[in-house]
Amino acid sequence: MYLLETHNPQMKKIYELAKKVAPSSSTVLILGESGTGKEVLAKYIHFCSKRKGPFVPINCAAIPEELLEAELFGYEKGAFTGAIKSKPGKFELANEGTIFLDEIGDLSPKLQAKLLRVIQEKQVERLGSERAIKIEVRILAATNKDLEKEVKERRFREDLFFRLNVIPIKLPPLRERKEDIPLLAKFFLKRICEREGIEEKTFTPEALEKLINYPWPGNIRELENLIERLVILSENNIIGVEDLSLPSLDSKFPVRESLVKEKDILNKYALPDISEEGIELNKILREIEIYYLKRALEIARGTKTKAAKLLGLNRTTFIEKLKKYNLV
Ligand SMILES: Nc1ncnc2c1ncn2[C@@H]1O[C@H](COP(=O)(O)OP(=O)(O)OP(=O)(O)O)[C@@H](O)[C@H]1O
Ligand SMILES: [Mg+2]
């Protein structure tokens, strides 16, 4: 469920363009900072396209090269150790639908070459097979990297770039579409309160003003996460400025170069920066640890050895942690 209403002229144009190109089979390259809604836009294009097949997303950065190759193109039984039965790749699964190649800027040179061939020939071969399978797939790709720079610096093939860059759409960062912040904030507030079965909360005008003027380095995702935290943590039904505890980006203290880089970790895990009032590090770490312990147990259906393995812990350490939080 998304909010596709906008007061921002640039976003209006983007939605128009998306609707216009949706029914065609042209490749669309979606660019924009992390958390600006690239995947949401990709789903919207697929939805407007009325294509028969499914929307099949795949993140090209999250998976090691060999696995990604097998995921994309599929494999036959015995193609490599562990291939105990044949499996279709994402391209085959997306037949008559859309494949969404997320983080395309991170694709290895080998897979760039392979992808180019698939696009040109409109067919795939599963690993371990010579049989070509015809596919009719709409390609949508996204990246938060500057692909032209990647091409110049020879990390991304120019021919593949041209194939993908047929219709480029650049999503603006949230700080450049401030007029949508109240809309989005209220939308998330309503959605999260409904989901949690809590009475609907509202913002004071001052709180909204503060949200509008904050630069949102993590874009819509950061806004969504902040509002989720506010709903869960604030006791009042009216959320005021004092509840917001936004990271002070305009700190009076100069930020060390190395810290700027380390700050990526906050975005990566959608964690709050230190606010004016400070944070409670132990509480945050405890909440994170408890979440992962419970989640691992859930995935492992209560098998402690397996749950410990999922977290990269040995069984004894895992059980010690469970005891520490009274989870056994
Ligand atoms: N129009 C929208 N309405 C509601 N939620 C949105 C909208 N756009 C983005 N979001 C929310 O913001 C978050 C980020 O969106 P999305 O995953 O599409 O961004 P992204 O650009 O792909 O980010 P990344 O580069 O980090 O993968 C998601 O949780 C999504 O639900
Ligand atoms: Mg994404």
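From a predicted model like this one, the values you see are computed outputs, not experimental measurements. Per-chain numbering applies: the sequence of each chain, read as written, is numbered from 1 onward. Each chain takes a letter, starting from A, and each ligand takes a number, starting from 1, following the order in which they are written. Selection of residues for local features in this predicted model requires a pLDDT of at least 70, selection of side-chain atom pairs for listing and counting requires 80 or more, and totals for whole chains, interfaces and linings are taken over all residues. In computing side-chain values, all of the structure's heavy atoms are included and hydrogens and water are not.

A. Highlighting the site of ligand 1. As a structural note, the neighbourhood of ligand 1 is formed by 16 residues, with Leu3, Ser34, Lys38, Arg221 and Glu224 the closest of them. Polar contacts, as used here, are pairs of N or O atoms within 3.5 Å; protein pairs need one atom able to donate a hydrogen and one able to accept it. Residues neighboring in sequence count only if both atoms are side-chain atoms. Take leucine 3: an N or O atom from its main chain is 2.8 Å from a nitrogen atom of ligand 1. Values of accessible area rely on a 1.4 Å probe in the Shrake-Rupley scheme; residue burial ignores everything except the protein chains shown. Contact with the protein chains removes 88% of the 620 Å² of surface that ligand 1 exposes when unbound. Elements are defined by DSSP. Helices are runs of H or I of four residues or more, strands are runs of E of two residues or more, and each kind is numbered from the N terminus. Mapped by element, the contributors of at least two residues to the shell around ligand 1 are α2 (38-49), α8 (181-196) and α10 (219-233). Asp, Glu, Lys and Arg are counted as charged, while Ala, Val, Leu, Ile, Met, Phe, Trp, Tyr, Cys and Pro are counted as nonpolar; the rest, among them Gly, fall into the polar class. Partitioned by chemical class, the residues of the shell around ligand 1 number 6 nonpolar, 5 polar and 5 charged. Residue assignment places the shell around ligand 1 across two domains, with domain 1 (9-172) and domain 2 (176-279) each supplying three or more. A molecule or strand has a residue near it when one of that residue's heavy atoms lies within 4 Å. Residue ranges labeled as domains rest on an automatic or database domain assignment.

B. Geometry of unusual backbone geometry. The phi dihedral of glutamate 96 is positive, around 65°, even though this residue is not glycine. Positive phi outside glycine occurs at lysine 122, with the angle close to 55°. As for its placement among the helices and strands, lysine 122 is situated in the loop between α5 (109-121) and β6 (123-125). Take lysine 122: its relative accessible area is 54%, and that puts it in the exposed class. Only protein chains enter the accessibility calculation, which uses a 1.4 Å probe. A residue is then buried if its area is under 20% of the maximum for its type, exposed if over 50%, and partly exposed in between.

C. Summary view of a nonpolar patch on the surface. Taken together, the side chains of Tyr269, Ile274, Ile279, Leu281, Leu285, Ile288, Tyr291 and Tyr292 present a nonpolar region at the surface, about 780 Å² in accessible area. In this fold, tyrosine 292 is placed in helix α14 (residues 281-299). Residue tyrosine 292 is classed as partly exposed on the basis of its relative accessible area, which comes to 42%. Patches here are clusters of residues that have more than 30% relative accessible area and form no salt bridge, with a 9 Å joining cutoff for like charges and a 5 Å cutoff for nonpolar side chains (Val, Leu, Ile, Met, Phe, Trp, Tyr). Note on definitions: salt bridges are taken to be side-chain nitrogens of Lys or Arg within 4 Å of carboxyl oxygens of Asp or Glu.

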